[in-house]
Amino acid sequence: MSLSGSFIRTVIVPLWAMKEGTPYLRHLKGLDGSKKRPLAQVQADQLQRLKKLLGHAYDNTPFYRRQFDSTAVKPSDISTLDDLRKLPLLTKDDIRANGDDMIARNIPRDQLVAKKTSGSTGVSVELFVDEASAQWKRAVTVSYDRWAGWDIGERVGAIWGNPECYQNWRAHLRNSLLTRHIPLDTLKMGPDTMRAYYDTLLKKKPVILFGHAHSLYLFARFLEEKELSGIHPRGIISTCMVLHDFERQTIERVFGCRVTNRYGCEEVSLIACECPEGNFHLNCDTLIVEFIRDGKPVAPGEPGAIVVTDLTNYGMPFIRYKVGDVGIPSAKTSCPCGCTYPIMDSLEGRVADYVVTPDGNYISGISLTENFAMHLPGVKQMQIVQEELDHLTFRIVKGESFSEQTVADIKRLAYERFGARVRFDIEYVDSIQSESSGKYRFCISKLQNPFS
Ligand SMILES: [Zn+2]
């Protein structure tokens, strides 16, 4: 059975939402207009919702009551968005230690959806999202996915790590009528798997491809090497991790369409998304996003730890939550797309991906990949691991042109980037596995930095 996207969008999806009693389509209707309001109006709305959330958290969660009382700040002391900084940051350790006390006592447990983060920075975190918040998140994600040229009811080729969600019959029916994902499992992305992706996509012709940046890149490179053509989606959504410029160029060249970079996390869902003009707008529909270094907001153009407050999740409030990534807020104050939400210049990757040099410099994983690994012919894949301040391990998958010259190049670059005091070892490996979440890490540092 093959149904058209517009039939699904205009008939099946509204009927399904009516049957489920879910309001996300109603939310969705207002969201395009919301994004074009004057910023002052957007912020006034955020402030009002923030005050309501803080009052609720204080009254109904033991954790936030203790937090407020220990800092001697009352919810009523918060009268501007800047006042939010009077409150402490929330870390993953806080959630692990106080998770149950963060759950609101006035919301029945059966209205909470349990979630678990992938644990890619070490340990996973268990959390809950209330049903109303889940519906907002669903609507918000659709509203940004439309920037990539996709709409509800259209087929999605999902290069993703978790195909179980399509397995029972109910999930299968839901997927074939509603979500319309064509699952392409990234667990083992070898040549045979990618050839199978190609055959599936050629047959099913999804409107959009969706996946982790690095998986999309590996697949694009495979198609180019094998000279396999004919996959031309309307757009591509790259998500969950840093998208390097070289990855974007390859993906756009091979598939002949624009890549929309989307950033979010399991805890609060979508945090930022690229608009059709290529600007990374922060999600002001459901969040307040801050960029913090040494406890203070950073200036535009400076890197800061990304801190979010979720204005919708009353079941388990996330107030000033440190996501674990670093981003750079932009000095740009407007965008030709008409969306007034603030812009982020770039996502610099995880806090734990920063290499610290003995001279006190911090080098982000993204810049190391682009200014180091990319300059080494003969290196197929590379991962930099820092255990101590003056010692690095380069894990390398050799490419065909690997030679003595490659080793000499590594020495020279290591000296230039990290200074004379850094020693290093090279470990040759057959492959560098992505993590169970499907994310791939170019750089892992075990040291503290100003964002941690
Ligand atoms: Zn824009």
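Residues numbered from 1 in each chain as written. Predicted model: local features only at pLDDT ≥ 70, side-chain atom pairs only at ≥ 80, totals over all residues. Heavy atoms only, no water.

Where an unreviewed UniProt entry is consulted, the protein appears under the name Phenylacetate--CoA ligase family protein, with the organism given as Geobacter benzoatilyticus.

**Q** For the coordination of the zinc ion, give the residues involved together with the corresponding values.
**A** Within the protein, Cys 275 (SG), His 281 (NE2), Cys 335 (SG) and Cys 337 (SG) serve as the donor atoms for the zinc ion, at 2.1 to 2.3 Å. Taken together, the four donor atoms coordinating the zinc ion and their angles of 106 to 113° define a geometry best described as tetrahedral. In the primary structure, the donors to the zinc ion are separated according to the pattern C-x5-H-x53-C-x1-C. In this pair, Cys 275 sits in the loop between strand S8 (269-274) and strand S9 (280-282) while Cys 335 sits in the loop between strand S13 (321-329) and strand S14 (343-350), placing the two residues 60 residues apart along the sequence. For the pair formed by Cys 275 and Cys 335, the shared burial category is buried. (Donors = N, O, S within 2.8 Å, 3.2 Å for Na, K, Ca; no water. Tetrahedral: all angles 85-135°; square planar, octahedral: opposite > 155°, others 65-115°. Helix = DSSP H or I, 4+ residues; strand = E, 2+ residues; numbered from the N terminus. Buried < 20%, exposed > 50% of the residue type's maximum accessible area, 1.4 Å probe, protein only.)

**Q** Lay out a nonpolar patch on the surface with the relevant residues and their values.
**A** Together, Phe 7, Val 11, Leu 15 and Met 18 make up a nonpolar patch on the protein surface, roughly 390 Å² of accessible area in all. Mapped onto the elements, Leu 15 comes out in helix H1 (residues 5-20). (Patch = residues over 30% accessible without salt bridge, like charges linked within 9 Å, V, L, I, M, F, W, Y side chains within 5 Å. Areas by Shrake-Rupley, 256 points an atom, 1.4 Å probe, with all protein chains shown as cover. Salt bridge = Lys/Arg side-chain N within 4 Å of Asp/Glu carboxyl O.)

**Q** I'd like to hear about the sheet that holds strand S5 (residues 208-212), residue by residue, with values.
**A** Each strand in a sheet pairs with its neighbour through backbone hydrogen bonds, running either in the same direction (parallel) or in the opposite one (antiparallel). Ordered by their spatial adjacency, 12 strands build an open sheet running S4-S3-S5-S6-S7-S8-S9-S14-S13-S12-S10-S11, and the pairing between neighbours is mixed. Strand pairing shows two members of the sheet lacking a second neighbour, strand S4 (181-185) and strand S11 (296-297), which therefore form its edges. When S8 meets S9, the two strands line up antiparallel, connected through three bridges. Paired with Ala 272 across the bridge in S9 is Leu 282. Here helix H6 (residues 131-145) sits on the sheet and contacts strand S6 (235-239), strand S7 (259-265), S8, S9 and strand S12 (304-310); the angle it forms with S8, its principal contact strand, is near 15°. (Pairing = 2+ DSSP bridges. Contact = heavy atoms within 4.5 Å. Axes fitted to C-alpha atoms, helices over the stretch in contact; angles between N-to-C directions.)

**Q** Residue-level account of the confidence of the model for the protein, with values.
**A** Summarising the model, the protein shows a mean pLDDT of 88, and 92% of its residues fall at 70 or more. When pLDDT is averaged over each element of the protein, helix H3 (residues 39-60) comes out on top at 98 and helix H7 (residues 169-179) at the bottom at 65. (pLDDT = per-residue confidence, 0-100.)

**Q** Describe in detail unusual backbone geometry, supporting the description with residues and values.
**A** Positive phi, normally seen in glycine, also occurs at Glu 227, with a value near 55°. Tracing the chain through its elements places Glu 227 in the loop between helix H9 (213-225) and S6. In this model, Ser 269 sits at a positive phi of 70°, which is unusual for a non-glycine residue. Mapped onto the elements of the fold, Ser 269 is located in strand S8.

**Q** Provide a residue-level description of the sheet that holds strand S18 (residues 391-398), including the pertinent values.
**A** The sheet built from four strands is open, its strands ordered S19-S18-S17-S20 with mixed pairing. The sheet is open, and its two borders are formed by strand S19 (423-428) and strand S20 (443-445), each paired with just one other strand. Within the sheet, the average angular offset between the axes of one strand and its neighbour, ignoring direction, is 15°. One ladder, built from eight bridges, connects strand S17 (residues 379-388) with S18; its direction is antiparallel. Paired with Gln 381 across the two strands is Val 397, which belongs to S18. Against the sheet, helix H12 (residues 404-418) engages S17, S18 and S19, with an angle of about 140° to S19.

**Q** A description of the packing of helix H8 (residues 191-204) against H9 should follow, citing residues and the corresponding values.
**A** One can describe the packing of H8 onto H9 by two numbers: an axis separation of 10 Å at closest approach and a directional angle of 85°. Our classification of the angle between H8 and H9 gives roughly perpendicular. In this structure, H8 uses Pro 191, Met 194, Arg 195, Tyr 197, Tyr 198 and Leu 201 to contact H9, whose residues at the interface are Leu 218, Phe 219, Phe 222 and Leu 223. Of the residues assigned to the contact of H8 with H9, the class counts are nine nonpolar, no polar and one charged. (Parallel < 35°, antiparallel > 145°, perpendicular 65-115°, else oblique. Nonpolar A, V, L, I, M, F, W, Y, C, P; charged D, E, K, R; others polar.)

**Q** Got a sec to walk through empty space enclosed by the protein? Specific residues and values, please.
**A** On inspection of all chains with the given rule, the structure shows three cavities of 30 Å³ or more. Of the volumes computed, that of the largest cavity is approximately 60 Å³. Every residue lining the largest cavity is listed: Tyr 64, Gln 67, Phe 68, Leu 87, Pro 88, Leu 90 and Ile 319. Class assignment of the residues belonging to the lining of the largest cavity gives a composition of six nonpolar, one polar and no charged. The computed volume of the second largest cavity comes to approximately 40 Å³. Those elements giving two or more residues to the lining of the second largest cavity turn out to be helix H11 (365-371) and S17. (1 Å grid on protein atoms, 1.4 Å probe; cavity = no way out; pocket = protein on both sides within 12 Å on 5 of 7 lines; lining within 4 Å. Points joined across faces, edges and corners; volume = space filled by probe spheres on them.)

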